[in-house]
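The lines below spell out each chain.
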Amino acid sequence: MKKYGIITHYHISNHGAMLQLQALIHVLRSLGVEAKALRFEKSFDFIDEETRNKYRISLRSIPFFVKFLIENGLRKSWFNFLKVRKFNRFKKNSRIIGEYYSLAKDLDGVIVGSDEVFALHTGPTPVFFGHACPTDNVFAYAASFGPTNYEDIERLHCIPFVKSGLENMKAISVRDNNTGAIVEKLTGKKPQKVCDPVILYGYQKEIEDFGTLNHQPYLLIYAYDNNMNDPSEVDMIKTFAKKHGLKIVAPGFYHSWCDEIVNAGPIEILRYFKNADFIVTDTFHGSVMSLITNRNFAVITRNNKNKLVNLLDEYGQVGRILSEDVTLDSLYEQPIDYTTVNAEMEKRREESLEFLVERLKLKG
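Residues numbered from 1 in each chain as written. Predicted model: local features only at pLDDT ≥ 70, side-chain atom pairs only at ≥ 80, totals over all residues. Heavy atoms only, no water.

Peer 1: Please clarify how the packing of helix H10 (residues 268–275) against helix H11 (residues 284–292) should be interpreted in this entry.
Peer 2: Two measures define how a pair of helices packs: the angle their axes make with one another and the distance between the axes. Contact pair H10 / H11: the axes reach a minimum separation of 9 Å and the direction vectors enclose 60°. By the criterion of interaxial angle, the relationship of H10 to H11 is oblique. Of the two possible hands of crossing, H10 and H11 adopt the one that is right-handed. Of the residues in H11, those in contact with Ile-269, Leu-270 and Phe-273 of H10 are Gly-286, Met-289, Ser-290 and Ile-292. (Axes fitted to C-alpha atoms, helices over the stretch in contact; angles between N-to-C directions. Helix = DSSP H or I, 4+ residues; strand = E, 2+ residues; numbered from the N terminus. Parallel < 35°, antiparallel > 145°, perpendicular 65-115°, else oblique. Left-handed = near helix turned anticlockwise from the far one by under 90°. Contact = heavy atoms within 4.5 Å.)

Below you can see the structure in the form of structure tokens.
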């Protein structure tokens, strides 16, 4: 059995990040390839010292967490503490995290991705671009620059750093147009576009095995803690929910204005998506989870507009973005016909799987 390492965001308590990592591992195992995430130290050179201390846990982190407790209160702080513990248990039980990258031996190759592995907003992490990996056989699967654009790379004086890494990769596939355009500009080669591992794997067996929730009809809110708390957005959502008799449930992130807050783990979150009557999200993977569970949903775009619009456009759902003309009521009353969406997802799964099989040299 071939053995591969995966370089991705393994150290964060984020449902999308964990699901995409586990999904890629599931797909690779189905192809006869053993894989785990390789551990590494992420660069935080481009952010302030206070924020760096948040990520690099030590005695220096104490002031940050004390400030967080004062500003956010005990309930939110306790919620996030329990969330980190839940995610750590998930990583341990699912055995998706492997050894430290520089100590990895006998690897047949390294896969960089998926997720925003090329993003530079926190700092330049060498292994994200294949630098110093424990093998020369490095390729990218569904990689993304996230909010980073070409001008950012120039401004941060990272053109040589990024360009040399990309040029030395054996192959590059991306998940959005912005990333594809940057890769093509720096390397002269147009990368293949593939689907995110969560769509590639689909989690269909897990979703089918979920029972129904003993719950009144509910509106699911999926947004990071610091988002979707603007009074105008909250009022819009509450008015809509009350009109349609929907309880407002926030699984995974703490939003004090919701009727119910659930500390759901990476797999459990899919059960809440599957059983939701309607979903409002402003994240990439919130939209992905809505799609694979075939739910009716609405999207609010923020600084993630490029990748989010790109995703929705691929499946003919740009019309799910809220605007002056597109309201929660209008979307709620026009459920998505998933016949075409599911067919498109299956098509993109096949194309993406072909890329992996070819790159892993499994043919013949």
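From this point on, the discussion continues.
Peer 1: Quick question: what am I supposed to make of the environment of Ile-279 here?
Peer 2: When you line up the elements, Ile-279 lands in strand S11 (residues 278–281). Sequence spacing of Ile-279 and Asn-14 is 265 residues, and the spatial spacing of their C-alpha atoms is 18 Å. Not counting chain neighbours up to four residues away, the residues in contact with Ile-279 comprise Leu-219, Leu-220, Phe-273, Ser-290, Arg-295, Asn-296, Phe-297 and Ala-298.

Peer 1: Would you explain the pattern of salt bridges in this entry?
Peer 2: Two side chains bearing opposite charge may form a pair once their charged atoms approach each other closely. Scanning the entire structure with this criterion turns up 17 salt bridges. In this structure, Lys-3 engages Glu-99 in a salt bridge whose closest nitrogen and oxygen atoms are separated by 3.8 Å. Of this pair, Lys-3 sits in strand S1 (residues 2–7) while Glu-99 sits in strand S3 (residues 97–100), and the two are 96 residues apart along the sequence. One continuous salt-bridge network, built from bridges that share partners, spans Lys-193, Glu-314, Glu-344 and Arg-348. (Salt bridge = Lys/Arg side-chain N within 4 Å of Asp/Glu carboxyl O.)

Peer 1: Would you mind going over the packing of aromatic side chains with me for this structure?
Peer 2: Two numbers describe a pair of aromatic rings. These are the distance of the centres and the angle of the planes. Applying the stated criterion across every chain yields a total of 20 aromatic pairs. When the ring of Phe-129 is compared with that of Phe-145, the centres are 6.4 Å apart and the planes differ by 40°; the resulting orientation is tilted. A residue pair is termed long-range when its members are at least 10 positions apart, and Phe-129 in the loop between strand S4 (109–112) and strand S5 (138–143) and Phe-145 in the loop between S5 and helix H4 (150–155) qualify at 16 residues. The same class applies to Phe-129 and to Phe-145, which are both buried. A ring pair is formed by Tyr-222 and Phe-253, whose centres lie 5.4 Å apart and whose planes are at 70°; its orientation type is edge-to-face. Of this pair, Tyr-222 sits in strand S8 (residues 218–222) while Phe-253 sits in the loop between strand S9 (247–251) and strand S10 (260–262), placing them 31 residues apart in sequence. For the pair formed by Tyr-222 and Phe-253, the shared burial category is buried. Connected via pairs of aromatic rings, a cluster forms that spans Tyr-4, Phe-139, Tyr-141 and Phe-355. (Phe/Tyr/Trp six-rings, centres within 6.5 Å; stacked < 30°, edge-to-face > 60°. Buried < 20%, exposed > 50% of the residue type's maximum accessible area, 1.4 Å probe, protein only.)

Peer 1: What am I meant to see in the nonpolar core here?
Peer 2: Where a protein is soluble and globular, its nonpolar side chains tend to be buried together. Core analysis: the largest hydrophobic core is formed by 95 residues, its most contacted members being Phe-118 and Tyr-141. Ranked by the residues each element gives to this core, the list is headed by helix H1 (residues 15–30), at 9 residues. Formed by 20 residues, the second largest nonpolar core is a distinct cluster that contains Ile-221, Ile-237, Trp-257 and Val-280. (Core = buried A, V, L, I, M, F, W, Y, C linked by side-chain atoms within 4.5 Å.)

Peer 1: Would you take a moment to explain a nonpolar patch on the surface for this structure?
Peer 2: Judged by side-chain polarity, Leu-69, Leu-74, Trp-78 and Phe-81 come together as a nonpolar surface patch covering roughly 450 Å² of accessible area. Take Phe-81: it is sitting in helix H3 (residues 62–94). Residue Phe-81 is classed as partly exposed on the basis of its relative accessible area, which comes to 41%. (Patch = residues over 30% accessible without salt bridge, like charges linked within 9 Å, V, L, I, M, F, W, Y side chains within 5 Å. Areas by Shrake-Rupley, 256 points an atom, 1.4 Å probe, with all protein chains shown as cover.)

Peer 1: Sorry, what's going on with the side chain of His-9 here?
Peer 2: Positionally, His-9 belongs in the loop between S1 and H1. At 3.1 Å, the side chain of His-9 forms a polar contact with the backbone oxygen of Glu-116. Those residues in contact with His-9, other than ones at most four positions away along the chain, are Ala-17, Met-18, Lys-42, Asp-115, Glu-116, Val-117 and Phe-128. (Polar contact = N/O pair within 3.5 Å; in protein donor to acceptor, adjacent residues only side chain to side chain.)

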